[in-house]
Amino acid sequence: GDEEQAPNRLFVISAGNIPPAMKLIANEDVPIEDPAQAWNALTVGGYTNKTQIADEGYEDWDAIAEAGDISPFSSTSVTWPQGRSPFKPDIVFEAGNRAVSPQKTEMLTLESLSLLTTGENSGTHTLKPFYATSAATAQGARMAAMLKASYSDFWPETVRALMIHSAEWTPKMLQQLNGAGSMTARYQVLRKYGHGVPSFERAVASAINHCA
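Cut-off values and rules
- Residues numbered from 1 in each chain as written.
- Predicted model: local features only at pLDDT ≥ 70, side-chain atom pairs only at ≥ 80, totals over all residues.
- Heavy atoms only, no water.
- Pairing = 2+ DSSP bridges.
- Helix = DSSP H or I, 4+ residues; strand = E, 2+ residues; numbered from the N terminus.
- Buried < 20%, exposed > 50% of the residue type's maximum accessible area, 1.4 Å probe, protein only.
- Contact = heavy atoms within 4.5 Å.
- Core = buried A, V, L, I, M, F, W, Y, C linked by side-chain atoms within 4.5 Å.
- Salt bridge = Lys/Arg side-chain N within 4 Å of Asp/Glu carboxyl O.
- Axes fitted to C-alpha atoms, helices over the stretch in contact; angles between N-to-C directions.
- Parallel < 35°, antiparallel > 145°, perpendicular 65-115°, else oblique.
- Left-handed = near helix turned anticlockwise from the far one by under 90°.
- Nonpolar A, V, L, I, M, F, W, Y, C, P; charged D, E, K, R; others polar.

*Asks:* Any chance you could explain the sheet that holds strand E6 (residues 99-100) here in plain terms?
*Replies:* Strands belonging to one sheet form pairs held by backbone hydrogen bonds; the direction of such a pair is parallel or antiparallel. The three strands lie next to each other as E3-E6-E7, forming an open sheet whose pairing is antiparallel. Of all the strands in the sheet, the pair left with one neighbour each is strand E3 (62-63) and strand E7 (107-108). Sheet topology places E3 next to E6; two bridges connect them, and they run antiparallel. Bridge assignment links Ala63 to a residue of E6, and that residue is Ala99.

*Asks:* Which parts of the structure should I look at to understand the environment of Ile25?
*Replies:* In this structure, Ile25 sits in the loop between strand E1 (12-14) and strand E2 (42-48). Residue class for Ile25 comes out partly exposed when judged on its relative accessible area of 28%. When the C-alpha positions of Ile25 and Asp55 are compared, they lie 24 Å apart, and in sequence the two are 30 residues distant. Among all residues touching Ile25, those that are not within four sequence positions of it are Ile18, Pro19 and Val30.

*Asks:* What is the right way to read the environment of Leu42 from this model?
*Replies:* Mapped onto the elements, Leu42 comes out in strand E2. Spatially, the C-alpha atoms of Leu42 and Asp90 are 6.3 Å apart, while their sequence positions differ by 48 residues.

*Asks:* Sorry if this is basic, but what is going on with the nonpolar core here?
*Replies:* What tends to happen in soluble globular proteins is that the nonpolar side chains get buried as a cluster. With 18 residues, the main nonpolar core has Ile91, Phe93, Leu147 and Met163 as its most contacted residues. Elements supplying a minimum of two residues to this core: E2, strand E5 (91-94), helix H1 (132-150), helix H2 (156-165) and helix H5 (200-207). Of all hydrophobic cores here, the second largest spans 10 residues; its members include Tyr47, Trp169, Met173 and Val189.

*Asks:* Can you help me understand H5 in this one?
*Replies:* Since the α-helix turns once every 3.6 residues, residues separated by three or four places project in the same direction. When we look at burial in H5, the residues that qualify are Ala203, Ala205, Ser206 and Ala207. In the core, the buried residues of H5 are packed alongside H1 and H2. Looking at the residues trailing H5, positive phi occurs at Asn209, about 70°.

*Asks:* I keep staring at the pairing of strand E8 (residues 115-121) and nothing clicks. Help me out?
*Replies:* Consecutive residues of a regular strand have side chains that alternate between opposite faces of the sheet. Both E8 and strand E9 (residues 125-130) contribute to a ladder of five bridges, which runs antiparallel. Bridge pairing links Asn121 to His125 in E9. Linking two consecutive strands that pair antiparallel, namely E8 and E9, is a turn of three residues.

*Asks:* Help me out: how do you make sense of the pattern of salt bridges in this one?
*Replies:* Where charged atoms of side chains with opposite charge meet at close range, the side chains can pair. Enumeration according to the criterion identifies six salt bridges in this entry. A single salt-bridge network, built from bridges that share partners, covers Lys88, Asp90 and Arg160.

*Asks:* Help me understand the packing of H1 against H5, please; the structure alone is not making it clear to me.
*Replies:* To describe two helices that pack against each other, one gives the angle between their axes and the distance between the axes. At a closest axis distance of 11 Å, the pairing of H1 and H5 adopts a crossing angle of 30°. Between H1 and H5, the angle falls in the class roughly parallel. Along this stretch, H1 crosses H5, giving a crossing that reads as right-handed. Where H1 approaches H5, its residues Met143, Met146, Leu147 and Ser150 are matched on the opposing element by Phe200, Ala203 and Val204. Of the residues belonging to the contact of H1 with H5, the class tally is six nonpolar, one polar and no charged.

*Asks:* Hey, could you run me through helix H4 (residues 183-193) in this one?
*Replies:* Within H4 the residues assigned to the buried category are Val189, Leu190, Arg191, Lys192 and Tyr193. Buried positions along H4 lie against strand E4 (69-70), E5 and helix H3 (171-179). Two residues or fewer past H4, Gly194 is found with a positive phi of approximately 60°.

*Asks:* For this particular structure, what's the right way to read the packing of H1 against H2?
*Replies:* Contact geometry for H1 and H2: axes closest at 10 Å, N-to-C directions at 120°. Classified by the interaxial angle, the pair formed by H1 and H2 is oblique. Taken as a pair, H1 and H2 cross one another with a handedness that is right-handed. Note on element contacts: H2 touches H1 through Val159, Leu162 and Met163, opposite Gly140, Met143, Ala144 and Leu147. Counted by class, the contact of H1 with H2 contains six nonpolar, one polar and no charged residues.

So this is what it looks like as structure tokens:
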């Protein structure tokens, strides 16, 4: 349509995943993928609180990430040049965890460490596992849609700002920040977790002039 009447949009973009591998790859070593480097997009990474393994036959396996830490799936912007690149991801949502064998020789994605979503066949597969930054980004898009539905006159930039402003770091994230010995090290923590985990309740409170 006419550019002057075109709707404004907020792009909610996945930070991108660490490729599947037999050995553990550090989140810091895998850079966020194009186009998630865009300054004005809302880039979503992943963290996890899923640490309890309930899958039969894997009782002696361990979850890779601790509760509140970055998801083993999520890439970061730690390797990007400081001062010339944005801090990404902007926020993080639950992305699931992975499991490692007792011998530390095998890693798997298990259902109990994943989220659930609707399956493609309601008759045979009503629900199925969902994980990684795609799952995290779906939650981010949902929250953005809920805010837009609540405040239809808000600009996309305002919705993005509310989501980021409502985010808070988990105790595990704060532990790493407090352990960083320099400003450079603190920048790297920000490039892993973004501004933390958003809250719809805090975002709504901020929108009506309450302190979030």
